[in-house]
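Read off the chains here:
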Amino acid sequence: MAVALPKAVTGAYERLAGEFDKLSTTQKYAVGIAGGVTSLYLLAKVLKGSDRDKPTTLQLSGGSIEASKVKTEFDAYADSYGKNAGEGITDRSKTVHLVDVFYSLVTDIYEWGWGQSFHFSPKLPNKDLRASEAAHEARIAALLRLQPGQKALDCGCGVGGPMRTVAAVSGAHVTGITINQYQVDRAKTHNARQGLAPLTDVVRGDFTNMPFKENTFDGAYAIEATCHAPKLEQVYGEIYRVLKPGSYFVSYEWVSTKDFDANNAEHVKIMDEINFGNGLPEMRTWKEAEDAGKGVGFELVMSLDLATASVVAGPWYERLRMGKYTHAINHGIVSTVDALGLAPKGLKEVHHMLVEVAKSLIQGGESGIFTPMHLLLFRKPAAANKK
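Below or above, wherever it landed, is the structure these notes cover.

Cut-offs and rules
- Residues numbered from 1 in each chain as written.
- Predicted model: local features only at pLDDT ≥ 70, side-chain atom pairs only at ≥ 80, totals over all residues.
- Heavy atoms only, no water.
- Helix = DSSP H or I, 4+ residues; strand = E, 2+ residues; numbered from the N terminus.
- Buried < 20%, exposed > 50% of the residue type's maximum accessible area, 1.4 Å probe, protein only.
- Contact = heavy atoms within 4.5 Å.
- Patch = residues over 30% accessible without salt bridge, like charges linked within 9 Å, V, L, I, M, F, W, Y side chains within 5 Å.
- Areas by Shrake-Rupley, 256 points an atom, 1.4 Å probe, with all protein chains shown as cover.
- Salt bridge = Lys/Arg side-chain N within 4 Å of Asp/Glu carboxyl O.
- Axes fitted to C-alpha atoms, helices over the stretch in contact; angles between N-to-C directions.
- Parallel < 35°, antiparallel > 145°, perpendicular 65-115°, else oblique.
- Left-handed = near helix turned anticlockwise from the far one by under 90°.
- Nonpolar A, V, L, I, M, F, W, Y, C, P; charged D, E, K, R; others polar.
- Core = buried A, V, L, I, M, F, W, Y, C linked by side-chain atoms within 4.5 Å.
- Right-handed = clockwise from strand over helix to strand, strands pointing away.
- Pairing = 2+ DSSP bridges.
- Phe/Tyr/Trp six-rings, centres within 6.5 Å; stacked < 30°, edge-to-face > 60°.
- Lys NZ or Arg CZ within 6 Å of the ring centre and 35° of its normal.

Our next topic: the overall build of the protein chain. Scanning the protein chain from N- to C-terminus turns up 13 helices and 8 strands. In the protein chain, which comprises 387 residues, the share counted as buried stands at 51%. Counting only contacts in the protein chain whose residues sit at least 6 apart along the sequence, the fraction spanning at least 24 positions is 79%.

Written out as structure tokens, the structure is:
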């Protein structure tokens, strides 16, 4: 739950952030480690078990990966990315496996530091982060024209945050698919505890080869997920197959914008860092995403970058920018837990990767070369079966 802090408190935080920014990198990490040491007792006594739906620092794990293998798996993940500019994952045949590994490594950290909805949202005026997040998800149900009794598909559902919103606001039944078994288990637990079990289901599977029959769903969506596919045509083609004729598919895509210059070394460097820190095989352009959908048979209904669509909404990366002075503190806490042997070896390196990629995401957003929310609304033609 988001808590509205008094202005005096938020003002103090702003002043603290200003002073924190003046510190050197070494000083910032020293502050973080000090904070970790002094707060560890409170984390153990107060936070542990206080929120059944959120892992605490002492509960961070490697997901489906055994604790003893976290460091080895992270090193293998890091080595899978090429060293040349714009190279991405060198062996694309391993993409599905690497995405599975990535989400085992980061899921607990995402839930601990971000929440149950693993995506960005435009900041709406006079709305807090959670309300903005819910509105971003509820838009999906409206675009799909979902109604009670219908069946929808969430492609790359994570731990089910958006699924629960879409099901709750529409009354439709939502089935989520994720490559990661740990996320399946977490999503089912959250769905049951939050009262959404009757309207949800979660399965483990590869969304480029889904275990569903043709013409099964009345609508489908993907929120910042299909960017993980080895090729967009593979996942779009599968979504097309399982959708009923006349139904809609909407995706919030991670893509480069028209301002991205492939000949600009700094632009390419930012994209490479985003890919590595988020488990993407490569970064596609918005036009490539449009063409992929049309190429498998979809009709393109709408193409819109939600990052710039509203002149009154705040930037999607504002949450990262606001929290940058807490990144070192959080990393200090994780480092402390690591040093005391209370977390799997290698988890500190995973968290460091996420701290660093936050900077790249901010750069991508501020420069306008990257968006995590290019909205693509596709429709499967009503005459698809006849064709």
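Next up on the list: a nonpolar patch on the surface. Together, V301, M302 and L304 give the surface a local cluster of nonpolar side chains, amounting to about 220 Å² of exposed area. Within the secondary structure, V301 sits in strand β7 (residues 299-305). Taking relative accessible area as the criterion, V301 reaches 44% and is therefore assigned partly exposed.

For the pair helix α8 (residues 232-242) and helix α10 (residues 286-295), the least separation of the axes is 9 Å and the interaxial angle reads 40°. One element, α8, and the other, α10, form an angle in the oblique class. Seen from above, α8 lies across α10 with right-handed handedness. Judged by residue contacts, L232, E233 and Y236 of α8 engage A289, A292 and G293 from α10. Residues that form the contact of α8 with α10 fall into these classes: 4 nonpolar, 1 polar and 1 charged.

Attention now moves to the nonpolar core. Formed by 42 residues in total, the largest nonpolar core has its most connected members in Y221 and F370. Of all the secondary structure elements, the ones that give two or more residues to this core are α5 (129-143), α6 (161-170), α7 (181-193), β4 (217-223), β5 (243-256), α9 (265-278), α13 (347-367) and β8 (370-379). The residues contacting F370, other than those within four sequence positions of it, are W254, V255, T257, M271, I274, M283, W316, L361, G364 and G365. In this structure, L98, I179, A343 and L347 belong to the second largest nonpolar core, which totals 27 residues.

All right, on to the packing of helix α3 (residues 70-79) against α13 then. Contact pair α3 / α13: the axes reach a minimum separation of 8 Å and the direction vectors enclose 40°. Between α3 and α13, the interaxial angle falls into the category oblique. When α3 is examined against α13, the residues V70, K71, F74 and Y77 are found in contact with a partner set consisting of L347, E349, V350 and M353. A per-class count over the contact of α3 with α13 returns 6 nonpolar, no polar and 2 charged.

On to the pattern of salt bridges, then. The final tally for this structure, using the stated rule, is 19 salt bridges. The salt bridge partner of R379 is E299, with a shortest N-O separation of 3.2 Å. Here R379 is found in strand β8, whereas its partner E299 is found in strand β7, with 80 residues between them in sequence. Each of R92, E282 and R284 takes part in one network of salt bridges that share partners.

A few words now on the pairing of strand β2 (residues 173-178). The element β2 is extensively covered by neighbouring structure, given that 5 of its 6 residues are classed as buried. Note that the unit made of strand β1 (residues 151-155), α6 and β2 has a crossover that is right-handed. Relative to strand β3 (residues 200-204), β2 runs parallel, the two sharing 5 bridges. Bridge pairing in β3 places I177 opposite V203. One crossover worth recording links β2 to the parallel β3 by way of α7, and it is right-handed.

As a further point, take the environment of A289. In this structure, A289 sits in helix α10. Sequence-wise, A289 and C227 are 62 residues apart; in three dimensions their C-alpha atoms are separated by 9.4 Å. With residues up to four places along the chain from it excluded, the contact list for A289 reads L232, Y236, E253, V255, L376 and F378.

What follows concerns the packing of aromatic side chains. If you walk through the whole model with that rule in mind, you get 21 aromatic pairs. Sitting above the plane of the Y248 ring, R145 keeps its charged end 4.3 Å from the centroid. Of note, R319 hangs over the ring of W114, and the distance from its end group to the ring centre comes to 3.6 Å.

The backbone of N126 shows a phi angle near 60°, a positive value even though the residue is not glycine. Relative to the elements of secondary structure, N126 occurs in the loop between α4 (95-113) and α5. Positive phi is not limited to glycine here, since E224 has a value of about 55°. Relative to the helices and strands, E224 resides in the loop between β4 and α8. The buried category is assigned to E224, whose relative accessible area is 6%.

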